[in-house]
Amino acid sequence: MAKVYPQTPSSPSQSPSSSPYVSSKQEFFTIWMKSLVYNSHGCTAYNSSGEIVYRVDNYDTKCSSQVYLMDIRGKVLFAIQRKKLPVFGCWDGYKWDFSKKQRWFRVTRKRQTIHVDLGVGEGGYKIVKTGGKLGFKIINLDQYGALVAEFKPKQTASGIDLGNDVFTLAVEPDVDQSLIMAIITVLGLIHRQL
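The rules behind these values
Residues numbered from 1 in each chain as written. Predicted model: local features only at pLDDT ≥ 70, side-chain atom pairs only at ≥ 80, totals over all residues. Heavy atoms only, no water. Helix = DSSP H or I, 4+ residues; strand = E, 2+ residues; numbered from the N terminus. Buried < 20%, exposed > 50% of the residue type's maximum accessible area, 1.4 Å probe, protein only. Core = buried A, V, L, I, M, F, W, Y, C linked by side-chain atoms within 4.5 Å. Contact = heavy atoms within 4.5 Å. Pairing = 2+ DSSP bridges. Axes fitted to C-alpha atoms, helices over the stretch in contact; angles between N-to-C directions. Salt bridge = Lys/Arg side-chain N within 4 Å of Asp/Glu carboxyl O. Expected span 1.5 Å × (residues − 1).

S.K.: Explain unusual backbone geometry here, please?
M.R.: If a residue is not glycine, its phi is most likely negative; likewise, a peptide bond is most likely trans. The phi torsion at aspartate 174 lies on the positive side, around 60°, for a residue other than glycine. Position of aspartate 174 relative to the elements: it lies in the loop between β12 (166–171) and α1 (177–190). Among the residues examined, aspartate 174 registers a relative accessible area of 60% and is labelled exposed.

S.K.: I'm lost on the nonpolar core in this one. Help?
M.R.: Across soluble globular proteins, nonpolar side chains have a tendency to be buried as a group. Residues Ile31, Phe105, Tyr125, Ile138, Leu169, Ile180 and Ile183 are the most contacted members of the largest nonpolar core, which totals 41 residues. The greatest single-element share of this core, amounting to 10 residues, is contributed by α1. When near neighbours in sequence (up to four residues on either side) are disregarded, isoleucine 180 contacts Tyr125, Ile138, Val148, Ala149, Leu169, Val171 and Val175.

S.K.: What am I meant to see in the pairing of strand β10 (residues 136–140) here?
M.R.: In summary, the side chains of a regular strand alternate between the two faces of the sheet. β10 sits mainly inside the fold: four of its five residues count as buried. In the sheet, strand β9 (residues 124–129) pairs with β10 via five bridges, with the strands oriented antiparallel. The partner of lysine 126 across the bridge, within β10, is isoleucine 139. Across five bridges, the pairing between β10 and strand β11 (residues 146–153) is antiparallel. The residue bridging isoleucine 138 from the neighbouring strand is alanine 149, located in β11. Taken together, β10 and the strand that follows it, β11, pair antiparallel across an intervening segment of five residues, in which tyrosine 144 is found at a positive phi of about 55°.

S.K.: Got a minute to help me understand the sheet that holds strand β5 (residues 76–83) in this structure?
M.R.: Backbone-to-backbone hydrogen bonds join strands into a sheet, with any given pair of strands oriented parallel or antiparallel. Sheet architecture is closed into a barrel: 12 strands sit in the order β1-β2-β3-β4-β5-β6-β7-β8-β9-β10-β11-β12, paired in antiparallel fashion. Strand-to-strand twist across the sheet, computed as the mean angle between neighbouring axes with direction ignored, equals 20°. The pairing of strand β3 (residues 52–58) with strand β4 (residues 66–71) spans three bridges and is antiparallel. Its bridge partner being in β4, tyrosine 54 is matched across the sheet by aspartate 71.

S.K.: Can you walk me through the pattern of salt bridges in this structure?
M.R.: A complete count under the given rule lists four salt bridges for this structure. As a salt-bridge pair, aspartate 92 and arginine 103 come within 3.8 Å of each other at their nearest N and O atoms. Of this pair, aspartate 92 sits in strand β6 (residues 89–97) while arginine 103 sits in strand β7 (residues 100–110), and the two are 11 residues apart along the sequence. Its relative accessible area of 2% is what places aspartate 92 among the buried residues. For arginine 106, the salt bridge goes to aspartate 92, with nearest N and O atoms at 2.6 Å. Of this pair, arginine 106 sits in strand β7 while aspartate 92 sits in strand β6, and the two are 14 residues apart along the sequence. Several salt bridges share partner residues, and in doing so they unite Asp92, Arg103 and Arg106 into one network.

S.K.: Got a minute to help me understand α1 in this structure?
M.R.: Because an α-helix packs 3.6 residues into every turn, residues spaced three or four apart end up facing the same way. With 14 residues, α1 ought to run about 20 Å at 1.5 Å a step, and its terminal C-alpha atoms sit 20 Å apart, in line with that. Of all the 14 residues making up α1, 14 are buried; the element is thus mostly covered by neighbouring parts of the structure. Positive backbone phi, at 55°, marks arginine 192, one or two positions downstream of α1.

S.K.: What's the story with the pairing of β5 in this structure? I'm lost.
M.R.: Of all the eight residues making up β5, six are buried; the element is thus mostly covered by neighbouring parts of the structure. Pairing geometry for β4 and β5, over five bridges, is antiparallel. Across the sheet, methionine 70 pairs through a bridge with valine 76, a residue of β5. Between β4 and β5, which pair antiparallel in sequence order, lie four residues; one of them, glycine 74, sits at a positive phi of approximately 90°. One ladder, built from six bridges, connects β5 with β6; its direction is antiparallel. Within the sheet, the bridge partner assigned to alanine 79 lies in β6 and is tyrosine 94.

Here you go:
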């Protein structure tokens, strides 16, 4: 299988004491809204070197009520569960630890507004559409609207879209990339792509 590369080359630079999911510089990913497992739903994230770094394999049905974000080795990073509310959608993301499940974030959708609550005293993010069906920015509500990440359809250098299932994700420095990828997973569920 050919590798799909992001448009802007970038190499990971991490300090030894930091999380492997946080970089001191902006990182770019290519998100393919397809599972690598035959006859399954999910998505795959490639880093700027063309290596798979995250994956979601939904073995049940499309838009399942529970999916798992994993790294390339199959280690579960987040479990994402849809909560049934009568009018509004709600998804809880649990940071995965096999000894306990700890809720890390909650995504709520009220009409056209999508909000990410990062827990008690931790603030949150707002999802802002940026044109097109699936382009959006993730904005930090605590840092005066600072950009956290941007997700948009991937284009070739000449401006041709690569389809409805290939996207570019730019994550700003010092942001947990696994958390952003978990939020992208929820947005894929909202837009019925997983």
